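# Reading the structure
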2 protein chains.
Amino acid sequence: MASEFAKTPEPPYYAVIFSSQRTEADAAGYAAMSEAMDRAVRKHPGFLGIESVRGADGRGITVGYFRDEAAILAWRQHTGHQAAQRGGMERWYNHYELRVAKVERAYAGPEGRAMDPPAKGKQP
Amino acid sequence: MASEFAKTPEPPYYAVIFSSQRTEADAAGYAAMSEAMDRAVRKHPGFLGIESVRGADGRGITVGYFRDEAAILAWRQHTGHQAAQRGGMERWYNHYELRVAKVERAYAGPEGRAMDPPAKGKQP
């Protein structure tokens, strides 16, 4: 899965924050689905990037970035993704939280823009 | 650090998505800072919750949830947090991306609300 950083454009755009706890069931099926979904979402219109981390304890956070709400809704209704959602509900996840959020500002560092730029009378 | 799920209220509220790659430097100093910041942010006015995962490769995603922009700005200017930010820029992170986003909708599962509820003529 994606361990690079997402190369997103200037805000605004949307983030889908998917926070989950894996079951111990069906590691092979989960890995295959996860790879297939990673490939599929990258071809999805309006997809901007993905960042994903899972710890040794099965706790994971994946953030997908999309151009707009329409792109998110279409991805949600994608046939392969709907099958993955069913697998997630039935056997792969003990629990998940999914949040859809509009990204308003973004910073990068330490080599890029400063995280805490000097005050210029401008709300960061 | 936080491996539970954040108990956030109904949207809207704000998410600070912090995606980072650790250096291999100063593991003890990083761990101490990380614990101290976890304790401090939980006492911060307007803090709603935190979810954090780091993989064996040093790639991490932490999402902090806050009531509003004012709470985020105040946390950014918190004295202990500013020292942590400097340590992060100087030695703990090879790279990070920080995004501030307004959470508009949230779902939980599989035991809670359905991720893909039946159509009721309501935009999910």
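Okay, so let's go over this structure. The model shown is predicted, which means the values in this text are computed figures rather than measured ones.

## Considerations on helix α1 (residues 27–42) of chain B
Its 16 residues give α1 of chain B an end-to-end C-alpha distance of 23 Å, which sits within 8% of 22 Å, the value for a rise of 1.5 Å per residue. Buried residues along α1 of chain B sit against β1 (13–22), β2 (47–54), β3 (59–66), α2 (69–76), α3 (79–92) and β4 (93–109) of chain B.

## Focus: the packing of α1 of chain B against α3 of chain B
Describing two packed helices takes the angle between their axes plus the distance from one axis to the other. Residues and elements named next belong to chain B. Running from N to C, α1 and α3 point in directions that differ by 150°, and their axes come no closer than 11 Å. Here α1 is positioned roughly antiparallel relative to α3, judged by the angle of their axes. For the pair α1 and α3, the sense of crossing is left-handed. The segment α1 lies against α3, with Gly29, Tyr30, Met33 and Met37 engaging Gly80, His81, Ala84 and Trp92.

## Some remarks on the packing of aromatic side chains
All chains considered together, the criterion is met by 14 aromatic pairs over all chains. Here the aromatic rings of tyrosine 30 of chain B and tyrosine 93 of chain B are separated by 6.0 Å at their centres, their planes lie at 85°, and the arrangement is edge-to-face. Within this pair, whereas tyrosine 30 of chain B is found in helix α1, its partner tyrosine 93 of chain B is found in strand β4, the two being separated by 63 residues in sequence. Here tyrosine 93 of chain B falls in the buried class, since its relative accessible area comes to 11%. Among the aromatic residues, those joined into a cluster by ring pairs are Phe18, Tyr30, Trp92, Tyr93 and Tyr96 of chain A. Note that arginine 99 of chain A overlies the ring of tyrosine 65 of chain B, its terminal NZ or CZ placed 4.1 Å from the centroid. Above the plane of the ring of tryptophan 92 of chain B lies arginine 91 of chain B, whose end atom (NZ or CZ) is 4.6 Å from the centre.

## A closer look at the relation of the copies chain A and chain B
For the pair of chain copies, the relating operation is a rotation around an axis with a shift along it. By a simple turn and slide, chain A fits onto chain B: the slide is 0.0 Å along the axis, the RMSD is 0.0 Å, and the turn is 180°. Read as a symmetry element, the transformation amounts to a two-fold axis. Both copies share a contact surface, since 100% of the interface residues of chain A are interface residues in chain B too.

## Examining the pattern of salt bridges
One pass over the structure, following the stated rule, counts 17 salt bridges over all chains. Notably, a salt bridge pairs arginine 105 of chain B with glutamate 69 of chain A, separated by 2.6 Å at the nearest N-O pair. You can see arginine 105 of chain B sitting in strand β4 and its partner glutamate 69 of chain A sitting in helix α2 (residues 69–76), one on each of two chains. For the salt bridge of arginine 99 of chain A with glutamate 51 of chain B, the shortest nitrogen-to-oxygen distance reads 3.5 Å. Highlighted residues: arginine 99 of chain A in strand β4 (residues 93–109) and glutamate 51 of chain B in strand β2, drawn from two different chains.

Conventions adopted
Residues numbered from 1 in each chain as written. Chains lettered and ligands numbered in written order. Predicted model: local features only at pLDDT ≥ 70, side-chain atom pairs only at ≥ 80, totals over all residues. Heavy atoms only, no water. Helix = DSSP H or I, 4+ residues; strand = E, 2+ residues; numbered from the N terminus. Expected span 1.5 Å × (residues − 1). Contact = heavy atoms within 4.5 Å. Axes fitted to C-alpha atoms, helices over the stretch in contact; angles between N-to-C directions. Parallel < 35°, antiparallel > 145°, perpendicular 65-115°, else oblique. Left-handed = near helix turned anticlockwise from the far one by under 90°. Phe/Tyr/Trp six-rings, centres within 6.5 Å; stacked < 30°, edge-to-face > 60°. Buried < 20%, exposed > 50% of the residue type's maximum accessible area, 1.4 Å probe, protein only. Lys NZ or Arg CZ within 6 Å of the ring centre and 35° of its normal. Least-squares fit on C-alpha atoms with pLDDT ≥ 70 in both. Salt bridge = Lys/Arg side-chain N within 4 Å of Asp/Glu carboxyl O.

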